[in-house]
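Read off the chains here:
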Amino acid sequence: MRLAFGSRQFLALLFLGLAIIPWVANPYILYVANLALLYIILALGLNLLVGYAGQFALANAAMFGIGAYGTGLLEVRLGLPYLLAAPGGALLAMLIGTAITFPALRLSGIYLALSTLAFAMFSQWVLLHWYSVTYGGGGFRVPNLDLSPLPIGPDLGIYYLSWVVTLVLVVLAWSLVRSRIGRAFVAIRDGEIAAQSLGIDLLRYKALAFALSGFYAGVAGALYTPLLGYISPEGFDLFQMIIQKSMIVVGGMGSIVGSVIGATVMVALLELLREFKSTQEIVFGSILIAFVLFRPRGIVTLLRRLPGWEEPLSSFDRRRYVVSGPASPAAAAAATGLARAAAEPARGEGR
Amino acid sequence: MKMLSVRDLSVAFGGVLALSEVSFDVAEGEIVGIIGPNGAGKTTLLNTISGLSRASQGEIHFAGTRITGRRPTEIAALGLGRTFQMSQLFPGMTVLENVMTGLHLRTRASALAAAFRTRGMRAEEEEAAGKAWQALAYVGMERFAHRPGTELSFGQQRIVEIARTLVSEPKLVLLDEPAVGLSVTRVAELDGLLRRIRDERGVTFVMIEHVVRLVMDVCDRVVVLNYGMKIEDGRPEEVSANGQVIEAYLGSGFDAARRSS
């Protein structure tokens with residue numbers, strides 16, 4: 001067998017590396033690596049919605065917050081154990097994400113962006129002012145993660161829990177996009193009208209994309225709660241949205257590997273800039289603009305030139321569908337009359 | 001059997017009447033051309049049949065089912081295919097994936113089945129790839145299967161678009177100017193392809209076309225629209241001899257204008 005190094009091998013190696021971090025790194029690095037895992041989840045969810053399905057929504061930071069608050073409040077207010085509260089928080093984010101964005105599903109472009117931004121502002125306001133439930137702007141403390149009887153402390157516990165959950169969510173997203181669902185998303189992104197006339201139900205698949213991104217953001221929020229030990233509204237503001245957005249733009253819109261790379265790179269950058277707090281916004285904003293202008297499809301476009309890095313939207317045995325001989329337009333032109341009809345460049349065709 | 005029946009169809013956008021009481025029938029296996037000057041309402045007609053525009057009045061029946069006011073997805077599910085004036089291949093997919101997307105309604109896998117790659121989902125995916133490959137081979141485009149759709153020329157994209165509708169085994173396909181941008185000899189080959197699909201697969205076609213050669217050669221019947229109204233409906237040679245049609249295209253002052261210039 002040929003030794004290949006492509007996107008799958010890259011992801012496997014990255015997760016192996018992340019698995020051994022607790023043994024080689026100090027607690028600070030461990031915390032940053034944990035943060036990177038959560039942002040991988042966030043970027044994946046956002047990329048499914050924005051990069052694949054093409055829905056430019058700005059509510060992901062709010063969904064992240066709802067997941068975190070849902071989990072924390074279920075623990076503190078209702079006394080649920082973390083392992084029950086976390087799925088509850090994630091599902092809450094998914095449900096609210098789907099329900100609240102339902103009116104937005106009929107909008108597109110700037111209208112969708114604005115309405116979801118309004119929702120994000122509204123949820124920020126609720127977190128700040130619904131004091132009797134959310135403890136307001138001051139936030140609240142959540143209990144340490146208790147995984148007993150497993151012999152693992154809270155820091156390592158949340159790290160390995162995040163590692164497993166992230167790996168599973170990467171694999172699920174990877175599989176999902178390589179199917180008729182992924183193709184339906186991309187079809188809606190690339191041409192709503194053509195998608196519709198192929199029988200793709202726009203509302204249904206947009207709702208699915210919103211639900212998925214809400215779920216992913218909710219899961220990240222549920223893992224964020226015990227990692228921080230403390231929750232307040234400020235972590236889920238507009239800057240949070242810009243961070244996530246810049247991750248998928250830098251990594252690569254419409255790419256699973258890109259989401260992973262973008263999240264990792266940007267978390268590292270965020271931490272490097274931590275000492276110069278006021279520069280974070282400026283640097284992130286500049287990077288976002290630079291990538292949008294000069295490399296709108298992100299870092300993965302460089303990697304895609306290497307063999308094994310393409311990310312198909314289908315999963316069948318490619319070896320069964322290969323034409324012998326060079327697949328150049330000229331070769332095809334010689335082969336069949338019809339292909340010849342079509343093979344000439346459009347500019348060569350007279351009207 | 002009537003494949004398509006349009007009765008007294010009117011479509012208004014705001015106060016503008018794009019189509020006014022248009023009626024015509026299409027029999028199974030027919031190839032019907034829709035012609036008319038720019039702004040005559042041809043694309044609106046196709047959009048209304050495929051459910052993208054809403055009829056203000058009148059009825060459309062497709063294969064015995066009333067489809068007026070139904071959603072595009074439902075109409076597609078009944079077996080109506082469509083291609084567009086501007087190529088609508090999805091640039092983010094390979095050619096084969098584009099054609100596989102044409103099988104959306106013929107495949108079942110849910111999001112969960114896809115995420116967990118169930119055995120059924122994988123079998124369905126292989127089958128879809130096989131069917132898409134066959135459809136591409138049928139139109140002679142399988143060599144481009146694994147290339148991005150954007151790498152193809154204008155004409156090639158149109159052929160792939162036809163394969164994408166063909167793969168779902170539609171009963172009726174609406175083509176919006178399939179020959180635009182093709183040279184005369186290429187048009188003749190498109191002509192052959194459409195006939196072959198009709199003869200071998202029993203597909204009925206309704207096509208908007210400006211290329212007179214294609215209309216005359218391939219269409220069994222031609223419907224002429226002008227200012228949203230049907231002004232003629234008949235065999236191509238009848239239509240081309242009709243004074244009203246010539247007037248619609250060239251204007252009533254055509255002779256005078258030619259003499260004075």
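Let me sum up the structure you'll find in this document. (Residues numbered from 1 in each chain as written. Chains lettered and ligands numbered in written order. Predicted model: local features only at pLDDT ≥ 70, side-chain atom pairs only at ≥ 80, totals over all residues.)

## Details of the overall build of chain A
Thought 1: Each helix and strand in chain A was counted, giving 16 helices and two strands.
Thought 2: In terms of C-alpha radius of gyration, chain A reaches 22 Å, essentially the compact-globule figure of 20 Å for 351 residues.
Thought 3: Principal axes of the C-alpha set define a box for chain A whose edges measure 75 × 50 × 40 Å. (Helix = DSSP H or I, 4+ residues; strand = E, 2+ residues; numbered from the N terminus. Rg over C-alpha atoms; globule rule 2.2 N^0.38 Å.)

## Here's the deal with the interface of chain A and chain B
Thought 1: Chain A puts 46 residues into the contact, and the matching count from chain B is 50 residues.
Thought 2: Mapped by element, the contributors of at least two residues to the side of chain A that touches chain B are helix H7 (154-177), helix H8 (180-190), helix H9 (192-197), helix H15 (329-335) and helix H16 (337-343) of chain A.
Thought 3: The leading source of residues in the side of chain A that touches chain B is H8 of chain A, at eight residues.
Thought 4: Broken down by class, the residue content of the side of chain A that touches chain B amounts to 25 nonpolar, 12 polar and nine charged. (Contact = placed C-beta atoms within 7 Å. Nonpolar A, V, L, I, M, F, W, Y, C, P; charged D, E, K, R; others polar.)

## Overview of helix H5 (residues 109-129) of chain A
Residue and element names in this part refer to chain A.
Thought 1: The end-to-end C-alpha distance of H5, which contains 21 residues, comes to 30 Å, matching closely the 30 Å that a straight helix rising 1.5 Å per residue would cover.
Thought 2: Listing the buried residues of H5 in full gives Leu112, Thr116, Phe119, Ala120, Ser123 and Leu127. Down the axis, H5 shows its buried residues gathered within 100 degrees of arc, on one side only. For H5, exposure combined with an orientation more than 90 degrees from the buried face picks out Ile110, Tyr111, Trp125 and His129. (Expected span 1.5 Å × (residues − 1). Buried ≥ 20, exposed ≤ 12 C-beta atoms within 10 Å, placed from the backbone. Arc of directions from axis to C-beta.)

## Let's talk about the packing of helix H1 (residues 7-24) of chain A against helix H2 (residues 27-52) of chain A
All names here are of chain A.
Thought 1: With their axes 9 Å apart at the nearest point, H1 and H2 run at an angle of 155 degrees to one another. On the basis of their axis angle, the class for H1 and H2 is roughly antiparallel. Here H1 runs over H2; the crossing is left-handed. Where H1 abuts H2, its residues Leu18, Ile21 and Pro22 lie against Ile29, Leu30, Ala33 and Leu37.
Thought 2: When its residues are assigned to classes, the contact of H1 with H2 shows seven nonpolar, no polar and no charged. (Axes fitted to C-alpha atoms, helices over the stretch in contact; angles between N-to-C directions. Parallel < 35°, antiparallel > 145°, perpendicular 65-115°, else oblique. Left-handed = near helix turned anticlockwise from the far one by under 90°.)

## Some points on the pairing of strand S2 (residues 16-27) of chain B
All names here are of chain B.
Thought 1: Two strands pair when backbone bridges link them, and strand S1 (residues 2-13) and S2 are joined in this way by eight bridges, in the antiparallel orientation. Each residue of the ladder has a partner; that of Phe13, found in S2, is Val16.
Thought 2: With antiparallel pairing between neighbouring strands as the criterion, S1 and S2 make up a hairpin whose turn holds two residues, including Gly14 at a positive phi of roughly 60 degrees. (Pairing = 2+ DSSP bridges.)

## Focus: the sheet that holds strand S3 (residues 31-35) of chain B
Residue and element names in this part refer to chain B.
Thought 1: Sheet architecture is open: six strands sit in the order S6-S7-S8-S3-S9-S10, paired in mixed fashion. Whereas interior strands pair on both sides, the edge strands pair on one side only; in this sheet they are strand S6 (80-82) and strand S10 (229-234). Along the sheet, successive strands turn relative to each other by an average axial angle of 15 degrees, direction set aside.
Thought 2: Of the strand pairs in this sheet, strand S9 (residues 221-226) and S10 are connected by five bridges, and their pairing is antiparallel. Looking at S10, one finds that Val222 is bridged to Gly234.

## Observations regarding unusual backbone geometry
Glycine aside, a negative phi is what most residues show, and trans is what most peptide bonds show.
Residues and elements named next belong to chain B.
Thought 1: The residue Glu21 is not glycine, and still its phi comes out positive at about 45 degrees.
Thought 2: Mapped onto the elements of the fold, Glu21 is located in strand S2.
Thought 3: By C-beta crowding, Glu21 is classed as partly exposed, having 14 other C-beta atoms within 10 Å.
Thought 4: Despite not being glycine, Glu169 has its phi angle at roughly 50 degrees, a positive value.

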